[in-house]
Amino acid sequence: MLRNNLQIEMKTLIRLSINFVVTAVVILLFRHLNWIGFDKPPVLLSDPTLNDILIAGIIGFILFVVGEIAEIGYKALIVMTCGLMCLFYPFFGLILGYIKLLGTQVILPDWFTFDHTWWKVILMSIAIGLFRIPTIKAEKKIIVKHKKHA
């Protein structure tokens, strides 16, 4: 049991590390396209390249957290409106990228700016969301024991 839990934790740690690097690369790609610009992020590492990767990874992580909070808020709105907000899910999907980028910009002021063109925001949000390794759900097994009748 302990070994199984340790394997799950290692897989989670590996998944989070890969997501951190992949998200950093995607953000650096958008930086290269001039869709995202680094303003005055802190210098956390002496090597400028590694510092940019770390800053991009931190921005990607905060984007993920802001997106998760927005999803929870939207689900709460669905419950509070007895499901009526489900009708607006396509609109929520369209503005989710902007919410994520703007929320991250508020949390990390002066770290980065982004191009506010609506289609660029949607593409950035989709790219950052698509290139993540999702949480792997554990399989649930149902064990049925049959009793022998005498």
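Residues numbered from 1 in each chain as written. Predicted model: local features only at pLDDT ≥ 70, side-chain atom pairs only at ≥ 80, totals over all residues. Heavy atoms only, no water.

**Thoughts on the nonpolar core**
Working step 1: Among the nonpolar cores identified, the biggest contains 22 residues, and Ile-27, Ile-36, Phe-38, Ile-59, Phe-112 and Met-124 are the most heavily contacted of them.
Working step 2: Listed by contribution, the elements that provide at least two residues to this core are helix H1 (2-32), strand S1 (36-38), helix H2 (48-80), strand S2 (112-114) and helix H4 (118-130).
Working step 3: Residue contributions to this core peak at six residues, all from H2.
Working step 4: Beyond its immediate chain neighbours, meaning those up to four positions away, Ile-59 contacts Ile-27, Phe-38, Thr-104, Leu-108, Trp-111 and Phe-112. (Core = buried A, V, L, I, M, F, W, Y, C linked by side-chain atoms within 4.5 Å. Buried < 20%, exposed > 50% of the residue type's maximum accessible area, 1.4 Å probe, protein only. Helix = DSSP H or I, 4+ residues; strand = E, 2+ residues; numbered from the N terminus. Contact = heavy atoms within 4.5 Å.)

**Examining unusual backbone geometry**
Working step 1: Positive phi, close to 65°, is recorded for Asn-34, a residue that is not glycine.
Working step 2: Its identity is not glycine, yet Asp-110 carries a phi of approximately 70°, on the positive side.
Working step 3: Here Asp-110 falls in the partly exposed class, since its relative accessible area comes to 49%.

**Here's the deal with the side chain of Asn-51**
Working step 1: For Asn-51, the location among the structural elements is in helix H2.
Working step 2: You can call Asn-51 buried: its relative accessible area is 7%.

**Some words on the pattern of salt bridges**
Working step 1: Under the counting rule described, the total for this entry stands at two salt bridges.
Working step 2: Among the salt bridges present, the one from Arg-31 reaches Asp-52, with a minimum N-O distance of 2.8 Å. In this pair, Arg-31 is assigned in helix H1 and Asp-52 in helix H2, connecting sequence segments 21 residues apart.
Working step 3: Among the residues examined, Arg-31 registers a relative accessible area of 28% and is labelled partly exposed. (Salt bridge = Lys/Arg side-chain N within 4 Å of Asp/Glu carboxyl O.)

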